[in-house]
Structures are given as structure tokens and as C-alpha cells.
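# Residue-level structure breakdown
These are the residues of each chain, in order.
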Amino acid sequence: MFMKRYFAGMTDTGNVRNVNQDAYYIDPDGRFFIVADGMGGHAGGQEASLIATKTIKEHILEHWDSSEASQTILKNAFVAANKALLEDQQQHPERSDMGTTAVVALFRDPDSPWFANVGDSRLYRLRGHQLEQITEDQTWVAQAVKSSRLKQDEARTHPWRHVLSQCLGREDLSEIEIDQMDVQSGDRLLLCSDGLTEELSDGVIASNLKSIRACDTAATALIKAAKDREGKDNITVIVVAIE
């Protein structure tokens, strides 16, 4: 059964930074969605997220009608993005420390979507009143929580919470999180950079997604809520409604 998708995305520099190092892409037909959060100085971070988003988008489109499995297309898209970043670093030594997160939701198999993730941008699913984080953060803190070296409530304020264990733009990229996710009519998906999740609890995010029907209005409200707190980082959100 085909389920229709409604969607909207938005990015904001936030209250503190002068440059937006986030990037996002929404396929006009709602077939796939990308959020990337760059790092490595103003020029480096901006360039990294744009290169990754462009490369992933182009690879998915180029292989959309191929016989390759969706998970293979996603893996190769991320590998291609990593390679493109490494090549750019060689050509532009001033950007040698740049890198980026990336999270993608892919509806190539319409009712059995896949996702891929590197870094700590996130994919959430809201079903009824329950908000679930679908991706796993690839950070030192997340690994410490998983191994019980750190408690969950300590993680939100830990000084190392932004230290990534994986990102695109590194020779040692070894783990791309790729899996299928279950979606049902009435679900909402949220792809976002950590500029949102640093400011808003899961409860506040869920409340906004539940109470606001229009995707563009929900995206606007989430960004406003993050900026009304401190809005220290760039903030990017994509909201997808499954009907």
C-alpha cells in the first residue's frame, strides 16, 4: 500500500554563529531526505556539509533505477561523499580538518524505507505519543552510555558530548549505520542537526510534532523553540508526515 508523504525543511544560523555550517536536501518528490552538519571552521564546515549533501544526492539519483539494493546505494553514497571530502582536503589544505555528519531517509522501497547515518545528526519517528530516536549517535558520550560508563542524564551536559567517534571526511571511516525502519500511516519523521537536540528535550520535540499538523509550521516552531532557549548552534530540521 502506497503511503503519501508530506514534508518541509528549514535551516537557521541560530543566535550565536555568523555562518551556517548545516546543509539539507529534500527530493522534490519526497523520495529521500538529507541533513548534514559540517565542522572545521567557517569555510571548512560549510563546504563539508555542502559537498556531502551534493554527493549523496547525486549518487542516489544516479542509481535510483538500478538493480542495486537500497542499502547498497546508501552505503556507496556515503563512501562517495567521504572520498569527495578527502579529495577536497587535498586540493585545499586550509580545509584539511573539515568533516561533516550526515543522516538520510530513503523511500526507494516506498513502504519499507531505509536510513543511513554517520555522526550525531538524528532521525526520529513519532508514533502516537511516542517519540523514538531511530539513529544512534556516533559520539564518545553515546558509546560511554552504551557501555554503562556514563548515565543518560549525565550525557546531556557532559563536556565531551559533541566529540564524534565517526564523521565523513576521515580516512578511518569504518562504520556507516544503515538499516530499515518501520513506518505506518500517521507517523511523523524528523531529521535534524544537533543544534535542535542540544536545546530541546525529546518531550518538547514530541509535543511540537504532535500538536502542529502542517509540516512547515512544525519545522518553524521547532527552530523557534530552540532559538528561544539559547540557539547556540546552527539548527536544521526536516519534518515528514506519513499518510
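Not measured: the values here are computed from a predicted model. (Residues numbered from 1 in each chain as written. Predicted model: local features only at pLDDT ≥ 70, side-chain atom pairs only at ≥ 80, totals over all residues. Heavy atoms only, no water.)

### Side note on the pairing of strand β6 (residues 114-118)
Selection criterion: Only protein chains enter the accessibility calculation, which uses a 1.4 Å probe. A residue is then buried if its area is under 20% of the maximum for its type, exposed if over 50%, and partly exposed in between. Working definition: helices are DSSP H or I runs of at least four residues, strands are E runs of at least two. Numbering for both runs from the N terminus. Criterion used throughout: strands pair if DSSP finds at least two bridges between them.
When you tally the buried positions in β6, you get five out of five residues, the bulk of the element. In β6, alternate side chains face the same way, and those of W114, A116 and V118 on one face and F115 and N117 on the other are all buried. Here five bridges tie strand β5 (residues 102-106) to β6, and the two strands are oriented antiparallel to one another. Each residue of the ladder has a partner; that of V103, found in β6, is N117. With four bridges connecting them, β6 and strand β9 (residues 177-180) associate as antiparallel partners. Directly across from A116, in β9, lies its bridge partner I178.

### Concerning the packing of aromatic side chains
For the record, the criterion: Only rings of Phe, Tyr and Trp enter the pairing, Trp through its six-membered ring, and a pair is recorded when the two centres are within 6.5 Å. The plane angle decides the type: under 30 degrees is stacked, over 60 is edge-to-face, the rest tilted.
Tallying each qualifying case throughout the model produces four aromatic pairs. Between F7 and F33 the ring centres are 5.5 Å apart and the planes differ by 65 degrees, which places this aromatic pair in the edge-to-face class. Taken together, the positions of F7 in strand β1 (residues 5-12) and F33 in strand β3 (residues 32-39) put the pair 26 residues apart, joining distant regions of the chain. F33 gets classed as buried once you look at its relative accessible area, which sits at 0%. Ring geometry for F32 against W64: centres 6.4 Å apart, planes inclined by 35 degrees, an arrangement best described as tilted. Here W64 lies in the loop between α1 (41-63) and α2 (70-91) and F32 lies in strand β3, a separation of 32 residues in the sequence.

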